[in-house]
Amino acid sequence: MSQSRHLLTNCCIMAKPTTRFVCQSCGAVTAKWAGRCETCGEWNTVAEEPAEARPGPAARPGRKLALEPLTGTAAPPPRRLVGIGELDRVLGGGLVAASAVLVGGDPGIGKSTLLLQAAASMARAGSRVLYVSGEEAVDQIRLRARRLGLADAPLSLAASINVRDIAAVLESERDLSLVVIDSIQTMWLDNIESAPGTVTQVRASGFELIRIAKQRGFSLFLVGHVTKEGTLAGPRVLEHMVDAVLHFEGDRGHQFRILRGTKNRFGATDEIGVFEMTDRGLAEVANPSALFLAERRGHIAGSAVFAGLEGSRPVLLEIQALLSANPGGSPRRSVVGWDGGRLSMLLAVLDARCDLKLSALDVYLNVAGGLRITEPAADLAVAAALASAATGRPTHAGAVYFGEVGLSGEVRQVAQADARLKEAAKLGFERAVLPRRVARGNRAPATEGMVLDEIGHLADLVKQFTG
Ligand code: TYD
Ligand code: MG
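In what follows, the accompanying structure is described. Here the structure is a predicted model, which is why all the values come from computation and not from measurement.

### Description of the overall build of the protein chain
Part 1 of the argument: Across its full length, the protein chain holds eleven helices and 23 strands.
Part 2 of the argument: In terms of its C-alpha atoms, the protein chain occupies a principal-axis envelope of roughly 90 × 65 × 50 Å.
Part 3 of the argument: Per-residue burial for the protein chain yields a buried fraction of 48% across its 467 residues.
Part 4 of the argument: Within the protein chain, contacts between residues separated by at least 24 positions form 67% of all contacts whose residues are at least 6 apart in sequence.
Part 5 of the argument: Per element, the accessible surface of the protein chain, about 22,900 Å² overall, is 53% carbon and sulfur.
Part 6 of the argument: Looking at charge distribution, the protein chain has the averaged site of its 53 positive side-chain charges lying 3 Å from that of its 49 negative ones.

As structure tokens, then:
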């Protein structure tokens, strides 16, 4: 009896797992391996990692916390401008001291270039800046800096993947303003057995670096590579630890790049920064509409200009639609840069409320330039492109379109009509097709010469093409 109890205890000790299985995409932990992560549904992302050390007995009793009242004065956090306007805007007006920012993006999209430019800009303005690369040797960074025309910036460089070594520098340096870690997937803490890039390493390394940033009061940029599926692999587990998450995105076939805030404890998250890739690095694009419309050719059926809004900024984009006869089978719906479900809804409304029958045709929809639109305000522009493609009649060459469409075909108000109109006027558009305006106050002087074609129902728009 006593012997069997002894055996039982023994086998319980033996059964304690020494490894565990961690999804490298979402960080979910399971006891056994699976081809597909049950939490996020990704395939081939579950990897074996050593189990994390169990917390031992507390080293010291908890200290009594000082409790504070909610009322009291809270000063806005001190900020430093990076000096790159598009980046400062996405950050919410510059970098907050003692904050951590994760910059994600596909490999090769330009993260290192952007952050080297940011680091150099702050260093030139007199801040102490340290750029740590785990991917490139110091000479390679120097070469890159020379190519970008930044070789004279008083910037400190280090090439290392060892978080303990980096931490020693960070803790001994005085007056550091900014530290860039490129990339978090290369960082390695020696007391953790897993390889660099695994969820366990990324989490522990990130935690350590963020802790020092908070303690020493410098701003920290962490670079994280994403997978082709668009999720932050590995670095995803850092999203809740950092103060801001920025995504650097763009299409390899296009020269522009968009920096998009997806989380920001100190500012709005819907801001974008627009950059153009040049052989001298990333150039800020002060007027994105002009860039997005640069290749537009007027008087072609199936194209309409959408007056959109990205964050607080109006942006004009070209929407292209192509219809082609489907020789039997189920018609194709192919959408680039917009929501496929939204397109189906719009096609149904055009069919049911406006008698525009497109259901038997293949429909291709494209937001030219590679930008992704999430605003329902694009409905009217998409409908215009579709109606134009269906009838073979071009949209008015000098017109922009915006407005949300409801299921009964009604055209609904959208936010910031004035800002959209102003942007269109600035680029020489002389007409806007838009929802009926409720507030009929004074128009902004810039838009006074514009013809406003207010539309209450989608059928009124379709009539402009069929009538
Ligand atoms: P890089 O910044 O290294 O991308 P990431 O750090 O995201 O992997 O940029 C990839 C390559 O593109 C690199 O060889 C430099 C080149 N490049 C330019 O020539 N001009 C640019 O404006 C940018 C952003 C990149
Ligand atoms: Mg890089």
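Let's pick the thread back up.
### Quick word on the nonpolar core
Part 1 of the argument: Core analysis: the biggest nonpolar cluster contains 64 residues, and Leu-386 and Leu-461 have the highest contact counts within it.
Part 2 of the argument: Looking at which element gives the most residues to this core, the answer is helix 9 (residues 379–391), with eight residues.
Part 3 of the argument: If we ignore the near neighbours within four places in the chain, the residues touching Leu-461 are Leu-380, Ala-383, Ala-384, Tyr-401, Val-433 and Ile-455.
Part 4 of the argument: Formed by 35 residues, the second largest nonpolar core is a distinct cluster that contains Val-82, Ala-153, Val-223 and Ala-244.

### Structural notes on the packing of helix 8 (residues 340–354) against helix 11 (residues 458–466)
Part 1 of the argument: Axis separation between helix 8 and helix 11 bottoms out at 10 Å; the angle between their running directions is 85°. As judged from the angle between their axes, helix 8 and helix 11 are roughly perpendicular. Here helix 8 contributes Val-349, Leu-350, Arg-353 and Cys-354 to the contact with helix 11, which in turn contributes Leu-458, Ala-459 and Val-462.
Part 2 of the argument: Across the contact of helix 8 with helix 11, the residue classes break down as six nonpolar, no polar and one charged.

### What about the site of ligand 1?
Part 1 of the argument: Within the structure, ligand 1 sits among 14 residues, and Gly-108, Lys-111, Ser-112, Thr-113 and Thr-278 are positioned closest to it.
Part 2 of the argument: Within the backbone of Gly-110, a nitrogen or oxygen atom sits 3.0 Å from an oxygen atom of ligand 1.
Part 3 of the argument: In this structure, Thr-113 approaches ligand 1 through a side-chain N or O atom, which is 2.5 Å from an oxygen atom.
Part 4 of the argument: Elements that contribute at least two residues to the shell around ligand 1 include exactly helix 3 (111–124), helix 4 (138–147), strand 13 (272–278) and strand 14 (281–284).

Conventions adopted
- Residues numbered from 1 in each chain as written.
- Chains lettered and ligands numbered in written order.
- Predicted model: local features only at pLDDT ≥ 70, side-chain atom pairs only at ≥ 80, totals over all residues.
- Heavy atoms only, no water.
- Helix = DSSP H or I, 4+ residues; strand = E, 2+ residues; numbered from the N terminus.
- Buried < 20%, exposed > 50% of the residue type's maximum accessible area, 1.4 Å probe, protein only.
- Contact = heavy atoms within 4.5 Å.
- Areas by Shrake-Rupley, 256 points an atom, 1.4 Å probe, with all protein chains shown as cover.
- Lys, Arg positive; Asp, Glu negative; His and termini not counted.
- Charge placed at Lys NZ, Arg CZ, Asp CG, Glu CD.
- Core = buried A, V, L, I, M, F, W, Y, C linked by side-chain atoms within 4.5 Å.
- Axes fitted to C-alpha atoms, helices over the stretch in contact; angles between N-to-C directions.
- Parallel < 35°, antiparallel > 145°, perpendicular 65-115°, else oblique.
- Nonpolar A, V, L, I, M, F, W, Y, C, P; charged D, E, K, R; others polar.
- Near = heavy atom within 4 Å.
- Polar contact = N/O pair within 3.5 Å; in protein donor to acceptor, adjacent residues only side chain to side chain.

Coordinates in, geometry out; function isn't part of it.
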